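This is what each chain is made of:
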Amino acid sequence: MRTIPEFIRQTHPRLLTVLENAPELQREVSRNGEPTVRFGERFVHSQVDPRAEARRLAEHWLATEGLYLPRRLSEGRRVPVIFLGVGLGYPVLEFCAMLRQRGLDLELLELYVFESFPELLKAGFKTLDWSVAPHCLRLFVGNEGKSELLQLCQNLNAPLVFSSPGITALAPAFYDEVRRNILQESVSQRPLRILVPIPIYGGSVPTARYCARALQSLGHRVETVDGTLYHFALESIKSITRKKPHRNILQGMLTAFLAETIVARALDWKADFVLALAQTPLTPQALQELRREGIPSAMWFVEDYHLFTYWKELAPFYDHFFAIQKDDFGRELLQIGQRNFHYLPAAACRHLHRPTELTGEEQLRYGSDLSFVGAGYYNRVQSFRRLLNYDFKIWGNDWPEDGPLVPKNQEKARRVDPEESVKIFSASKINLNLHSSPTHAGVDPFGDFVNPRTFEIAACGAFQLVDERKYLPELFDPSSEIALFQSVDELPAKIDYFLAHPQERADMARRARERVLREHTYEHRMKELVEVIEASSPQLGKRQSNHPAELVRRAGPDTDLGQFFGQFLEEDEELTLDRIAEHIRKGKGELTDVEGTFLLMKEFRDWAVEKGVID
Amino acid sequence: MSRIGVVNFTRMGDLIQCGPFLDGVRENSPESHLILIVLENFVDAARRLPMVDEVISFPLDRFIPHLDSRRISLAELYAGLEDFATLLRRRRFDYFYNLAHTRLSAALTWLLHVPATYGLTYDSSGHLLVTHPWINYYFYVTLNRTWNPFNLVEMYLPIAPAVPSRPRLKFCVLSDDERETAGLLSAAGVQNNSPIIAFQMGAADEQRRWPVAAFVELARQLICAHNAQILLLGTAEETSYSQTLIHALNSKNLFDVTGKTSMGTLGAVLKHCQVLVSNDTGTIHLAAAMETPTVGIYLGPAAAKDTGPYGDGHLLFEPQLPCAPCSYHTACAHCACHEVIQPSDVAAAVALQLGKPNHAWQVWDRPRLRIRRTQVTETGQLRLIPLARLPLDRQTLLFSFYRVFWPLLLGDERFALMSPKDAWACEIRSLADVYEFCDPSALLTDEDKEAIGGYQKIAAHAEVAVEVLNRELRSKRPSLVELREMILKLARCDAALAHIEERFLAWAPLAQFIRVLRGNVPDESPTGLAAACRDVYGTLVRGSQLLTSLRNEMISTPAREREAVHA
């Protein structure tokens, strides 16, 4: 049986104790007679030929992450290299053997090896000959090793990181975190290209814009196809014919046109995925086309699925379906073939929904003891008749044109835009928030989802009285962050109470805003949405980053190529061939070989596009 | 031993047509090592060019899947291209020729840093740089080919350091190709007891393609008249044409090898054929290289003068319509040219190639049709000779004019030390051999005089400015004010040239050529710009003088030549 090589004993005295205390693993023999090991149910290395497996991995590293490593070593440059997950040690030992075969000086490597499980390394020392490893090797094991390594990495200049997928799969999240920390990876280094079509009209229009903005602030590249530009076309159909069958045909053609426009843009712009909101003009045909082209589509259905049922025709064609309702909705979606359902509550836009200073004139115009912003649904019309004796302003459209509420309707019951809503929320002592119901006279006893208005009022630092909803307690604390009413009967008493207690109102509003900023902004929702899509769409994760920092690391900061990429570091966005070519064309002085090679690459790309070899 | 690199990233036909150029390079330095760099899919063809010592392929397959995907980073793509450039640099070329005329090949050419580079490359600032006047001519032809009298082979030839002793297309069939072909033809059932006529029915685009129905009728007539064995050629994508023909004719004399040939076996198959009937394709050039007689059909944008097979005795059909040849990429709703060429005429031409002429065939009875026979002169010029002896026409005269004008202006070894008078005398003699001779001055008009007068005026202005530029650039401290003024003065010539270009179509070529040169002038330092302008407008001055003297020759020599011809 082998033992720990002397040079490791001398350089890693503390490691010896860790290894001594680590449990023994049952060693196995692979089909070609090499030692291997089982970790639980799983073989850590190939059970056929672990050395050949490690050689293939080493070749892969040298063709990707370590592409410039041999060149840098042969030029006598020092290169820091980190191995993540080495199991018994095959990957690192075979990699070193391969470099040796190429006649490269391994002492130029700054070699750091991290293994999460000490028992694996312990078994490795007993089974493989680690004495052939370069003596500059430094080992890090377990949680303690992780902290040491990360601290050390702060002083490393652009290390190359080689992960062994078969081994890191034993603790994927752990290794992923280590890797991200080493590389200080942020979204901006691996941004996605996300197409967000804006619906033609309706409540989802601002939501789509909030999503787009949030994705951008997360560092992703976002492109929109603005459906509102075609609102006039939809409206003009009404003036063309009064016959419904004709209107339906024309509207269908407009929807199909916009759907194809979205597909065309997604393909042309090479979107990583398309995020649609309710009412986005995407047809089953268009969604199938996106799927054929390998562009995942996601729907965030910020509507009441009981009320708006058109999701049934479209949901099976989306790759991911997010909704503000869960429970039965998930089951219903499963029945029609949508397996990737995910609950994603509504949110607020931190850029728009925030406390606002009002002028005296605005306070006069928008201010009141009690206000409501929204459309005149049946339950609201019935309920608000009982609040006529309050200083009550009702904002929004679709309210009855006669009846007792007419004096309370503001400015001819016109539509209120999101910016104005923020002023109303801020100007009102109590913002009434009664979720809509076309069937109940008051509070919907089966109401589950929480409407966007709840988050928006809270984000504005305004006080609200909201009807009880099934999912509300998991989003806000009803005792300290938000005030609830269970029925319209108890509403006047609650209004009177809160009008009499301004400090309590202010405290609750402040806490509600803090909660929104902590958990309920569009940034939070979009981060979750992207993570869900990334987890189930492996091709998104496999993209190679062309972020300048990543390119410098790959090429090596000390090489001509690395220094060329370094010129783009300040731009902090994915580098493209066109951007490089533009930079070269505008540059002064003589063309360098690096520049010439990039011009060749660009010409080759342009040639391939012209010949139709690539899109 | 010098190492010579040639890059040619074009199509199969173009590759075969650069053979005489390669022969010229080879004959100039017989001991040299000649390396041809081609796209991956043409490696097989390039390896069969006998004058080439080594073929290097640009690894398309390796790069294309990654060019537009983000599965591979720019750093990795870079490494791949850099490796390719390094591989080429290690060849340590002494001379490098870029025949591809593309920005792609220019970038590659620049990266090799060969001191003696000919063709398109970059200058030290990354701007496109043309290092041979005939490459500029090539770019002019892409602008307007109407008055271009040269075949592609002839455009390549002046770039070579020497004209080969016997310029011909060449393609070397290997013994493996022969063996494979024997098996292929035997499996298809082809025998040796009757002539084998090959059909190449496909083409690069629909407009160039003679209808399959016409090929069906042609096959029927050839089987009937000669018991011909019709061998159907083409790529796998062209199988549908063969299937249509086989279905329509249902004859045991049809043999289909469509999609079954490689470059090598196609060459060997053509060697077995007595005649090839083809649209404008690479196959017809391969047949010419194999010295197989062809009957070529040039439709749509195809023009026999531009891309006809370079060799002797090929018969080429072209429609004589106002729209023919049409511009590249023209969408034609109804290709009238497709109906002009009749299967019976093509059958008669095939019979002529088989040595069994149909004496009843009256070719001069076809006013909408032009049938010409190819002939390569000793100096490598490809002539298209009408089958019937026709009176000399203005268009033919002007083609001959430009056939002399461009080599004298741009430089061509074959015209070295020749005066315009001598050059024109040679040209008019070759015209007299094949046309019913008439006085060229009768074919010229007052407009021609006006156009050349226009050039003279512009050239007079340009000459003054060019002289000042020359003087200033030679001085130690050139006056920037003077340079700028002269550059502006020359720029004013452009408007006058544009007027000639628009007004006198037959005389537009020189103005268009100057426009191409002007487009290549980099926008850099005042002295660099002045030097470039001096060269461009210097060419205009020389071109204008040449136009004048050649026109004078055209008017004054016919009487003498007529006497000489008759004598």
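Quick summary incoming for the structure in this document. (Residues numbered from 1 in each chain as written. Chains lettered and ligands numbered in written order. Predicted model: local features only at pLDDT ≥ 70, side-chain atom pairs only at ≥ 80, totals over all residues. Heavy atoms only, no water.)

## Comments concerning the overall build of chain B
Point 1. Summing up its helical and strand segments, chain B has 23 helices and 16 strands in all.
Point 2. Here chain B has a C-alpha radius of gyration of 26 Å; the compact-globule value for 567 residues is 24 Å, and the two agree.
Point 3. Considering only C-alpha atoms, chain B reaches an extent of 80 × 65 × 50 Å along its principal axes.
Point 4. Burial status across chain B gives 59% buried among its 567 residues.
Point 5. Long-range contacts, defined as pairs at least 24 residues apart, comprise 69% of the intrachain contacts of chain B with a sequence gap of at least 6.
Point 6. Here chain B displays about 23400 Å² of accessible surface, and carbon together with sulfur accounts for 51% of that area.
Point 7. Chain B carries 55 positive and 61 negative side-chain charges, and their two centres are separated by 2 Å. (Helix = DSSP H or I, 4+ residues; strand = E, 2+ residues; numbered from the N terminus. Rg over C-alpha atoms; globule rule 2.2 N^0.38 Å. Buried < 20%, exposed > 50% of the residue type's maximum accessible area, 1.4 Å probe, protein only. Contact = heavy atoms within 4.5 Å. Areas by Shrake-Rupley, 256 points an atom, 1.4 Å probe, with all protein chains shown as cover. Lys, Arg positive; Asp, Glu negative; His and termini not counted. Charge placed at Lys NZ, Arg CZ, Asp CG, Glu CD.)

## Here's the deal with the packing of aromatic side chains
We describe a pair of aromatic rings using the distance from one ring centre to the other and the angle between the two ring planes.
Residues and elements named next belong to chain A.
Point 1. Scanning all chains against the criterion turns up 63 aromatic pairs over all chains.
Point 2. Taken together, a centroid distance of 5.6 Å and an interplanar angle of 70 degrees make the contact between Phe301 and Tyr310 edge-to-face.
Point 3. For Phe301, a relative accessible area of 1% corresponds to the buried category.
Point 4. Classification of Tyr310 by relative accessible area gives partly exposed; the value is 24%.
Point 5. Between Phe455 and Phe476 the ring centres are 5.6 Å apart and the planes differ by 40 degrees, which places this aromatic pair in the tilted class. Within this pair, whereas Phe455 is found in helix 19 (residues 452-459), its partner Phe476 is found in the loop between strand 17 (464-467) and strand 18 (483-485), the two being separated by 21 residues in sequence. In this structure, Phe455 and Phe476 share a single accessibility class: buried. (Phe/Tyr/Trp six-rings, centres within 6.5 Å; stacked < 30°, edge-to-face > 60°.)

## Thoughts on the side chain of Asp306 of chain B
Point 1. Within the fold, Asp306 of chain B resides in helix 14 (residues 304-307).
Point 2. Discounting residues that sit within four places of it in the chain, Asp306 of chain B has contacts with Arg145, Asn148, Phe150, Asn151 and Leu152 of chain B.

## Quick word on the pattern of salt bridges
Point 1. In total, this model carries 76 salt bridges over all chains according to the counting rule given.
Point 2. Where Glu490 of chain A meets Lys494 of chain A, a salt bridge forms, and the shortest distance between an N and an O atom there is 3.8 Å.
Point 3. Residue classification places Glu490 of chain A among the partly exposed positions, given a relative accessible area of 24%.
Point 4. Across the salt bridge formed by Glu178 of chain B and Lys271 of chain B, the nearest N and O atoms sit 2.7 Å from each other. Of this pair, Glu178 of chain B sits in helix 9 (residues 175-188) while Lys271 of chain B sits in helix 12 (residues 263-272); the two residues are 93 residues apart in sequence, bridging distant segments of the chain.
Point 5. The exposure class of Glu178 of chain B is partly exposed, given its relative accessible area of 26%.
Point 6. For Lys271 of chain B, a relative accessible area of 46% gives the class partly exposed.
Point 7. The network of salt bridges with common partners includes Glu65, Glu550, Arg553 and Arg554 of chain A together with Glu76 of chain B. (Salt bridge = Lys/Arg side-chain N within 4 Å of Asp/Glu carboxyl O.)

## Notes on the interface of chain B and chain A
Point 1. Of the residues lining the interface, 33 residues belong to chain B; the matching set on chain A comes to 41 residues.
Point 2. Here chain B and chain A share an interface that buries about 3400 Å² over both sides, 67% of which is from carbon and sulfur atoms.
Point 3. Applying the counting rule to chain B against chain A returns five salt bridges.
Point 4. Between Glu603 of chain A and Arg103 of chain B there is a salt bridge, with its nearest N and O atoms 3.1 Å apart.
Point 5. In this structure, the connection of chain B to chain A is made through 10 residue pairs in polar contact (both at pLDDT 80 or more).
Point 6. Secondary structure elements with two or more residues in the side of chain B that touches chain A: helix 4 (60-67), helix 5 (74-89) and helix 6 (103-112) of chain B.
Point 7. Sorting elements by how many residues they give to the side of chain B that touches chain A places helix 5 of chain B first, with 10 residues. (Buried area = accessible area lost by both parts, 1.4 Å probe. Polar contact = N/O pair within 3.5 Å; in protein donor to acceptor, adjacent residues only side chain to side chain.)

## Notes on the pairing of strand 12 (residues 315-319) of chain B
All names here are of chain B.
Point 1. Most of strand 12 sits inside the fold, with five of its five residues counted as buried.
Point 2. Side chains Leu315, Phe317 and Pro319 project from strand 12 onto one buried face, and the interleaved Leu316 and Glu318 project onto a second face that is buried too.
Point 3. Across three bridges, strand 11 (residues 294-297) lies against strand 12 in parallel orientation. In the sheet register, Val295 faces strand 12, and the bridge partner there is Leu315.
Point 4. Sheet analysis places strand 12 next to strand 13 (residues 369-376), joined by five bridges and oriented antiparallel. Bridge assignment links Leu315 to a residue of strand 13, and that residue is Arg373. (Pairing = 2+ DSSP bridges.)

## Things to note about the packing of helix 7 (residues 133-143) of chain B against helix 17 (residues 394-410) of chain B
Helix-helix packing: each pair is described by the crossing angle between the helix axes and the interaxial distance.
Residue and element names in this part refer to chain B.
Point 1. Packing of helix 7 against helix 17 leaves a shortest axis separation of 10 Å and a crossing angle of 140 degrees. Here helix 17 runs oblique to helix 7, going by the angle between their axes. Pair helix 7 / helix 17 crosses with right-handed handedness. Judged by residue contacts, Pro133, Trp134, Tyr137 and Tyr140 of helix 7 engage Trp406, Pro407 and Leu410 from helix 17.
Point 2. Of the residues that constitute the contact of helix 7 with helix 17, the class distribution is seven nonpolar, no polar and no charged. (Axes fitted to C-alpha atoms, helices over the stretch in contact; angles between N-to-C directions. Parallel < 35°, antiparallel > 145°, perpendicular 65-115°, else oblique. Left-handed = near helix turned anticlockwise from the far one by under 90°. Nonpolar A, V, L, I, M, F, W, Y, C, P; charged D, E, K, R; others polar.)

## Here we look at the sheet that holds strand 1 (residues 3-7) of chain B
Residue and element names in this part refer to chain B.
Point 1. If you walk across this open sheet you meet the six strands as 3-2-1-4-5-6, and the pairing is mixed. Of all strands in the sheet, those with a lone pairing partner are strand 3 (54-58) and strand 6 (128-130), marking the two edges. Direction aside, the axes of adjacent strands within the sheet are offset by 25 degrees on average.
Point 2. Direction of pairing for strand 2 (residues 33-39) relative to strand 3: parallel, over a ladder of five bridges. Note on strand 3: the bridge partner recorded for Ile37 is Ile56.

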